[in-house]
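One letter stands for each residue in the lines below.
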Amino acid sequence: MRDGTNAAIDALVLHHGDRLEAAADGLLALLVTFEQALRAVHPWLLIVLVAGLALAASRQWTVALIGAGGLWLVGALGQWEQAMQSLALVLVSVAICLLLGLPLGVASGRSHWVRRVLAPVLDLMQTIPSFVYLIPAAMLFGLGKVPAILATVVYALPPLVRLTDLGLRQVGGEAVEAARAFGATRWQLLAKVQIPLSLPSILQGVNQCTMMALAMVVIASMIGARGVGETVLVGLQRNDPGTGLVGGLVIVILAIVLDRLLQAAGRRLQP
């Protein structure tokens with residue numbers, strides 16, 4: 001099995017190396033654009049924008065203060081640049097997960113055959129240790145940010161697919177039958193009945209996907225992703241608990257801020 005896997009990856013690189021390089025360049029350009037945009041904004045302006053978004057989404061000053069205070073603390077700890085690098089990686093990875101995970105979750109929720117095919121694949125993606133994702137990613141794309149995105153997508157995608165599938169399957173049969181009785185087509189049934197009613201589960205999947213992508217930041221730093229994960233890694237390598245603690249605190253702060261923002265936005269979007 002080991003030799004077969006190595007041979008398959010070698011053949012993939014040999015025959016499709018140009019396509020892989022083109023895809024890697026596109027992902028890297030997208031990530032660099034996000035990262036430069038975040039780093040170009042003045043920290044205080046970004047803090048105000050996050051606080052405004054949190055207030056608009058939640059209508060609660062406590063959520064806005066959590067967002068603003070969390071970002072201020074990140075800057076106070078001297079990790080602003082690293083945090084923006086990690087945040088850009090998370091945003092790009094979650095965007096790719098949404099593009100892949102939502103259609104797969106909808107297909108799985110509407111087809112028993114698709115669900116039977118996807119179930120073992122998702123089980124495999126969730127049970128393989130996260131460190132293992134780094135090996136094929138690094139072999140295909142080398143070291144840097146692109147393999148970190150690939151590994152993060154593989155790690156964070158399953159909960160989004162599963163919770164989208166679960167939400168669609170939990171839609172009551174009465175609502176579906178009523179829509180069909182009024183002559184709704186399959187696409188109208190999906191867009192106007194099933195997705196709106198399953199939105200809480202889908203939004204929970206987006207939240208879990210984002211948290212898992214952020215959890216992958218530290219591991220991705222081992223293959224050159226940089227960001228806050230690099231701070232933690234440096235602390236481990238130098239036996240410097242203080243540096244490692246600072247990096248860990250910044251990751252926790254980012255997780256809290258993103259979680260509160262997503263939960264507030266989810267409550268506003270629910271019908």
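That block above? That's the structure.
Residues numbered from 1 in each chain as written. Predicted model: local features only at pLDDT ≥ 70, side-chain atom pairs only at ≥ 80, totals over all residues. Heavy atoms only, no water.

## Structural notes on the overall build of the protein
- A count of helices and strands for the protein gives 12 helices and zero strands.
- Walking the protein from its N terminus toward its C terminus, one meets helices and strands in the order α-α-α-α-α-α-α-α-α-α-α-α.
- Since a compact globule built from 271 residues should have a radius of gyration of about 18 Å, the 21 Å found for the protein is in line with a globular shape.
- Relative to its full complement of 271 residues, the protein shows a buried share of 41%.
- Within the protein, contacts between residues separated by at least 24 positions form 79% of all contacts whose residues are at least 6 apart in sequence.
- Put simply, the protein shows about 14,600 Å² of open surface, and 67% of that area lies on carbon and sulfur atoms. (Helix = DSSP H or I, 4+ residues; strand = E, 2+ residues; numbered from the N terminus. Rg over C-alpha atoms; globule rule 2.2 N^0.38 Å. Buried < 20%, exposed > 50% of the residue type's maximum accessible area, 1.4 Å probe, protein only. Contact = heavy atoms within 4.5 Å. Areas by Shrake-Rupley, 256 points an atom, 1.4 Å probe, with all protein chains shown as cover.)

## Looking at helix 7 (residues 145–169)
- In a regular helix each residue adds 1.5 Å, so 25 residues correspond to 36 Å; helix 7 covers 36 Å between its end C-alpha atoms and thus fits that length.
- Taking burial as the measure, the 25 residues of helix 7 include 18 buried ones, the bulk of the element. (Expected span 1.5 Å × (residues − 1).)

## A closer look at the layout of surface pockets
- What the largest pocket holds in volume is close to 520 Å³.
- As for the largest pocket, its lining consists of 22 residues, and the residues nearest its centre are Leu-53, Leu-87, Leu-91, Leu-258 and Leu-261.
- Going through the elements one at a time, helix 2 (43–58), helix 4 (80–110), helix 10 (199–220) and helix 12 (241–269) are the ones with two or more residues in the lining of the largest pocket.
- Tallied by class, the residues present in the lining of the largest pocket amount to 21 nonpolar, one polar and no charged. (1 Å grid on protein atoms, 1.4 Å probe; cavity = no way out; pocket = protein on both sides within 12 Å on 5 of 7 lines; lining within 4 Å. Points joined across faces, edges and corners; volume = space filled by probe spheres on them. Nonpolar A, V, L, I, M, F, W, Y, C, P; charged D, E, K, R; others polar.)

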